[in-house]
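# Structure assessment
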Amino acid sequence: MNWLRMGATVLVGALMVGVSTAPATAGVPTDQLRGAVERVLKTLDDPTLKGEARHSDRRAAIRKIANEIFDFSEIAKRSMARHWQPLSEAQRNEFVALFADLLERSYISKIETYGGEKIQYTAERADGDFATVSTKIITKNGTEVPVDYRMVKRTDRWLVYDVSIEGVSLVSNYRTQFNKIIQTTSYTELVSKLRNKQDELLAEDKGGKKKP
């Protein structure tokens, strides 16, 4: 399941970077994305949430912020592509809940390894209810990693529905992998694989060893 781990690594880029700068032309999408980043960093620095005893509370706080900036339903729908339409409403709800939980658990564990990386907001392109916020993550050794966040407007909020790092799209990556599993086995098998991954992450949360 390296595809899930890779996708989570791409997604976590949005929320594990430090002090940032924005272009003079930055609009609401950039402001809301940057605001989420700052709130995550504030949560990580909160002395009342540090330590193993506050592990669950810290993760719950970060997860709340993630739910406010990522449109997990849209990510799931686009990742499933043509396989989304045949699903019943109950199946769609089940899949979104499972997929969102996996992404959150995967990247929250990575956020907690925050090492002072920084982000530069380099551009913003808007077209109606859609926008792309372009950024560069600056690693400790000075390497610049381009990351684009595709966002959609939902009432008064701009939510991320895809992330592209060095040209690799989160949604496209999942779409390819999900399609392969469904085509070679079945949708039921895909859900089974996702549930197995969920069990693995739950075990890790509880201090269990990672499955081989």
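Here is a short report on the structure shown in this document. (Residues numbered from 1 in each chain as written. Predicted model: local features only at pLDDT ≥ 70, side-chain atom pairs only at ≥ 80, totals over all residues. Heavy atoms only, no water.)

### Here we look at the packing of helix α2 (residues 28-45) against helix α3 (residues 55-69)
Inclusion rule: Lines fitted to C-alpha atoms define the axes here, with helix axes fitted over just the stretch in contact, and angles between the N-to-C directions of these axes take values from 0 to 180 degrees. What counts as a helix is a DSSP run of H or I of at least four residues, what counts as a strand is a run of E of at least two, and both are numbered from the N terminus. Geometric relationships in this document are graded by angle, where less than 35 degrees denotes roughly parallel, more than 145 denotes roughly antiparallel, 65 to 115 denotes roughly perpendicular, and other angles denote oblique. Contacts were defined at the residue level, with two residues in contact if any of their heavy atoms lie within 4.5 Å. Residues are grouped as follows: nonpolar covers Ala, Val, Leu, Ile, Met, Phe, Trp, Tyr, Cys and Pro; charged covers Asp, Glu, Lys and Arg; every other residue, Gly included, is treated as polar.
Packing of α2 against α3 leaves a shortest axis separation of 10 Å and a crossing angle of 180 degrees. As judged from the angle between their axes, α2 and α3 are roughly antiparallel. Facing α2, whose interface residues are Q32, L33, A36, R39, V40, T43 and L44, α3 presents R58, A61, I62, I65, E68 and I69. Partitioning the contact of α2 with α3 into residue classes produces eight nonpolar, two polar and three charged.

### Some remarks on the side chain of R34
Under the convention used in this document: Throughout this description, buried means an accessible area under 20% of the type-specific maximum (1.4 Å probe, protein chains only), exposed means over 50%, and partly exposed covers the range between. Here a polar contact is recorded for every N or O atom pair within 3.5 Å, except that within protein the pair must consist of a potential hydrogen donor and a potential acceptor, and residues adjacent in sequence are included only if both atoms are side-chain atoms.
Summarising the element assignment, R34 is placed in helix α2. What makes R34 buried here is its relative accessible area of 19%. At 2.8 Å, the side chain of R34 forms a polar contact with the side chain of D31.

### Let's talk about the packing of aromatic side chains
Short version of the rule: Working definition: a ring pair exists when centres of Phe, Tyr or Trp rings (six-membered ring for Trp) sit within 6.5 Å. Plane angles under 30 degrees give stacked, over 60 give edge-to-face, the rest tilted.
By the definition in use, this model includes eight aromatic pairs. Ring geometry for F70 and F72: centres 5.8 Å apart, planes at 45 degrees, overall tilted. The pair formed by F70 and F72 is uniform in burial state, with each residue classed as buried. On the numbers, 6.0 Å between centres and 85 degrees between planes, the contact of F130 with Y161 is edge-to-face.

### Thoughts on α2
For the record, the criterion: Here the expected span of a helix is defined as 1.5 Å times the quantity of residues minus one.
Compared with an ideal rise of 1.5 Å per residue, which puts 18 residues at 26 Å, α2 spans 26 Å between its outermost C-alpha atoms and is within 8% of the ideal. Turning to α2, its buried residues are P29, T30, Q32, L33, R34, A36, V37, V40, L41, T43 and L44.

### What about the environment of P29?
Secondary-structure assignment places P29 in helix α2. Counting along the chain gives 130 residues from P29 to L159, while the straight-line C-alpha distance between them is 8.1 Å. Once residues within four sequence positions are removed from consideration, P29 is found in contact with E124, A131, V133, M151 and W158.

### Thoughts on the pairing of strand β2 (residues 118-127)
The condition that has to hold: For two strands to be treated as a pair, DSSP must find no fewer than two bridges joining them.
In terms of strand pairing, β2 meets strand β3 (residues 130-138) through nine bridges, oriented antiparallel. Looking across to β3, one finds that I119 is bridged to I137.

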